[in-house]
Amino acid sequence: MPGSTTFSEILLTASVIGRLDQGSRGLGKPAPAPAGAGFFSCCGNLRVVPLDEGFIGREYPPSDPYEVGREKIREFAEAIKDDSPLYRDTEAAKAAGYPDVIAPPTFAMRLSVLAQEAVVEDEQLGLDYSRVVHGHQAFRHHRPIRAGDVLVAVAHVDDIKARAGNDFLTVRAEIGTAEGEPVCTATSTLVARGTAEEGDQA
Amino acid sequence: MTTTLSPVAKGDRLPESSVSITRTDLVRYAGASGDFNPIHHSDSFAREVGLPEVIAHGMLTMALATKLVTDWLGDPGRIIEHGVRFTRPVEVPDDGQGATVELSGKVADVGEDGTAKINITAKCADQGVLGGAYALVRL
């Protein structure tokens, strides 16, 4: 079973497991999803409690501080097959005007995931994690993340809406230094399949 | 501070890129990102949850789409904003070849403030895997 500590595609897995748990029909190859609905557009027959729109605007406590290390950045750059010297050579980074090596833009997802954990674990909100897929991801960078940064992330619920039987939860993670300098705004749309009240059909 | 791009015009195409993703690449990305979901390394688990086989991390595909733009820019710090929808999984067969993600980009708009919007296309086996992928950059 997937754990609850990582996010992006665990959401995908969990959503399918959710379907298995419902004892609904057999699992074929996933159908193409409509715009905005993530990988899986189909929903089950269960009607569970939809997300409360009253949570829109809620802010969660900051994540524990995360210290960005040079070798972690290099490791991440290798993993995304990006050989830019700005990710691994301090002198090259300084020549480009940065105090130290910078991280690839999508490295910010690590901090976004830390922030989202507070939302996922909020029992009052009651997000059914087993039904969630990652539908959309965006980042707005105020400056590149760099080695030596000590970052914290604060999750905000920006939007909750029901569409075609699914709940769409938009979580914004404000990522900044422990001193309060803004670094990145990461916005994730999570789709909780088949949890809304209307339009649900197999 | 960085190299100056030649004048950029709406409709310009970014250099295309073709990236192969093997099972080993998925293991490497799992370790680097901390996302150890078994659907990215275990066929039996992937099938159990209704997938044909192991699929790539969506955030890896987004990272490759972002790299298309940062390679063109020269300085990744020039990315102001970028976003994608995850529309279709990238299946990665265990055949030593893996999957190939084809990436292309086009300048959709150039602002008077020195910014440009790039629209990005990511395909695997001739099918789009990201929707509405874009980057807003500082030229």
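So, how was this worked out
Residues numbered from 1 in each chain as written. Chains lettered and ligands numbered in written order. Predicted model: local features only at pLDDT ≥ 70, side-chain atom pairs only at ≥ 80, totals over all residues. Heavy atoms only, no water. UniProt positions renumbered as here; feature names shortened; annotations may be inferred. Helix = DSSP H or I, 4+ residues; strand = E, 2+ residues; numbered from the N terminus. Buried < 20%, exposed > 50% of the residue type's maximum accessible area, 1.4 Å probe, protein only. Contact = heavy atoms within 4.5 Å. Areas by Shrake-Rupley, 256 points an atom, 1.4 Å probe, with all protein chains shown as cover. Axes fitted to C-alpha atoms, helices over the stretch in contact; angles between N-to-C directions. Parallel < 35°, antiparallel > 145°, perpendicular 65-115°, else oblique. Left-handed = near helix turned anticlockwise from the far one by under 90°. Nonpolar A, V, L, I, M, F, W, Y, C, P; charged D, E, K, R; others polar. Pairing = 2+ DSSP bridges. Core = buried A, V, L, I, M, F, W, Y, C linked by side-chain atoms within 4.5 Å. Domains from an automatic or database assignment.

By the naming in an unreviewed UniProt entry, chain B goes by MaoC like domain-containing protein and is assigned to Actinopolyspora alba. In its Sequence similarities (unreviewed entry) section, the UniProt record describing chain B reads: "Belongs to the enoyl-CoA hydratase/isomerase family."

Under an unreviewed UniProt entry, chain A has the name UPF0336 protein SAMN04487819_105117 and belongs to Actinopolyspora alba.

A. Region of interest: the overall build of chain B. A count of helical and extended segments in chain B gives three helices and six strands. Starting at the N terminus, the α and β elements of chain B follow one another as β-α-α-α-β-β-β-β-β. Counting the 139 residues in chain B, one finds 57% classified as buried. Across chain B, contacts joining residues at least 24 apart in sequence account for 65% of those joining residues at least 6 apart. When the accessible surface of chain B is split by element, carbon and sulfur atoms take 46% of a total near 5,900 Å².

B. Inspection of the packing of helix H2 (residues 70-79) of chain A against helix H1 (residues 23-33) of chain B at higher detail. At a minimum axis distance of 9 Å, the contact between H2(A) and H1(B) shows a crossing angle of 150 degrees. Considered as vectors, H2(A) and H1(B) are oriented roughly antiparallel to each other. Our pair here, H2(A) against H1(B), has a crossing hand that is left-handed. The residues of H1(B) that touch H2(A), namely those facing Lys72(A), Glu75(A), Phe76(A), Glu78(A) and Ala79(A), are Arg28(B), Tyr29(B), Gly31(B), Ala32(B) and Ser33(B). Across the contact of H2(A) with H1(B), the residue classes break down as four nonpolar, two polar and four charged.

C. Local environment of the pairing of strand S3 (residues 99-110) of chain B. All names here are of chain B. Alignment of strand S1 (residues 17-21) against S3, held across five bridges, turns out to be antiparallel. Pairing of Ser 18 across the sheet is with Glu 102, part of S3. Here nine bridges tie S3 to strand S4 (residues 115-124), and the two strands are oriented antiparallel to one another. Note that in S4 the partner of Ser 104 across the bridge is Thr 121.

D. View of the nonpolar core. Grouped together as the largest cluster of nonpolar side chains are 86 residues, with contacts concentrated most on Leu125(A), Leu169(A), Val69(B), Ile118(B) and Val137(B). In terms of residue count, the dominant contributor to this core is helix H3 (residues 58-73) of chain B (10 residues). Viewed by domain, this core spans two of them, domain 1 (8-68 + 108-192) and domain 2 (69-102) of chain A, each represented by three or more residues. For Val137(B), the residues in contact, after removing those within four places along its chain, are Val69(B), Trp72(B), Leu73(B), Arg78(B), Ile79(B), Ile80(B), Gly114(B), Thr115(B), Ala116(B) and Ile118(B). Membership of the second largest hydrophobic core comes to six residues, among which are Ile39(B), Val49(B), Leu51(B) and Ile55(B).

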